[in-house]
Amino acid sequence: DTQGGLIKRIPQKDGGIDYELLSQVMRELKGRLPDKRNITVMPSLTTSYQQLVSVMDTVRSYKAVVAGSVVDAELFPESSIADAPSQAAPVEVGT
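Residues numbered from 1 in each chain as written. Predicted model: local features only at pLDDT ≥ 70, side-chain atom pairs only at ≥ 80, totals over all residues. Heavy atoms only, no water.

Asker: Got a minute to help me understand the overall build of the protein in this structure?
Answerer: In terms of helices and strands, the protein carries two helices and six strands. Reading the helices (α) and strands (β) of the protein from amino to carboxyl end gives β-β-α-β-α-β-β-β. Here the protein, with 95 residues, has 23% of them falling under the buried criterion. For the protein, the proportion of contacts with a sequence separation of at least 24, taken over those separated by at least 6, is 56%. Accessible surface, the protein as shown: approximately 7,200 Å² in total, 52% of it carbon and sulfur. (Helix = DSSP H or I, 4+ residues; strand = E, 2+ residues; numbered from the N terminus. Buried < 20%, exposed > 50% of the residue type's maximum accessible area, 1.4 Å probe, protein only. Contact = heavy atoms within 4.5 Å. Areas by Shrake-Rupley, 256 points an atom, 1.4 Å probe, with all protein chains shown as cover.)

Written as structure tokens, this is what we have:
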């Protein structure tokens, strides 16, 4: 969103990225921010190059039917890559 940070963690599906869920989340986000064109992808250290490319393709556009024709509808065509924050151990608070 416009505040930065994690929008939604996409759980793995069948050992890989759930691209359909990712696309759905991006379409919802685009509905809230229709003028936004850029997005930052923050892959984990275990993300393969192919997964990164597929994620960038997924956040760029999606297939939509317009006037009876299938077209690529724009989501976030300007993507950049950044390092994901380190996963810190959870902090437990006792009473």
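That covers the picture; the talk isn't over yet.
Asker: What's the story with the packing of aromatic side chains in this structure? I'm lost.
Answerer: The geometry of two aromatic rings is summed up by the distance between their centres and the angle between their planes. One pass over the structure, following the stated rule, counts zero aromatic pairs. Sitting above the plane of the tyrosine 62 ring, arginine 27 keeps its charged end 5.2 Å from the centroid. In this arrangement the basic side chain of lysine 30 is found over the ring face of phenylalanine 76, its NZ or CZ atom lying 5.1 Å from the centre. (Phe/Tyr/Trp six-rings, centres within 6.5 Å; stacked < 30°, edge-to-face > 60°. Lys NZ or Arg CZ within 6 Å of the ring centre and 35° of its normal.)

Asker: Mind showing me how you'd approach helix H1 (residues 19-32) here?
Answerer: Side chains three or four residues apart in an α-helix point the same way, a direct result of the helix having 3.6 residues per turn. With 14 residues, H1 should reach 20 Å at 1.5 Å per residue; the first-to-last C-alpha distance of 20 Å fits that figure. Of the residues making up H1, those classed as buried are Leu22, Ser23, Val25, Met26, Leu29 and Lys30. The buried residues of H1 occupy an angular sector of 165 degrees when the element is viewed end-on, so they sit on one face. With respect to the buried face of H1, the exposed residues turned more than 90 degrees away are Glu20, Gly31 and Arg32. (Expected span 1.5 Å × (residues − 1). Arc of directions from axis to C-beta.)

Asker: Looking at this model, I keep getting lost on the packing of H1 against helix H2 (residues 49-60). Mind explaining?
Answerer: For any two helices packed against each other, one specifies the inter-axial angle together with the distance between the axes. At a closest axis distance of 9 Å, the pairing of H1 and H2 adopts a crossing angle of 35 degrees. For the pair H1 and H2, the crossing hand works out as right-handed. Across from Tyr19, Leu22, Ser23 and Met26 in H1, the residues of H2 making contact are Gln51, Ser54, Val55, Thr58 and Val59. Taken together, the residues of the contact of H1 with H2 sort by class into five nonpolar, four polar and no charged. (Axes fitted to C-alpha atoms, helices over the stretch in contact; angles between N-to-C directions. Left-handed = near helix turned anticlockwise from the far one by under 90°. Nonpolar A, V, L, I, M, F, W, Y, C, P; charged D, E, K, R; others polar.)

Asker: Is there a simple way to explain the environment of methionine 56 in this structure?
Answerer: Assignment of secondary structure puts methionine 56 in helix H2. The class of methionine 56 is buried, set by a relative accessible area of 16%. The sequence separation of methionine 56 and serine 79 amounts to 23 residues, and the corresponding C-alpha distance is 6.9 Å. Those residues in contact with methionine 56 that lie beyond four places of it in its chain are Val41, Ser79 and Ile81.

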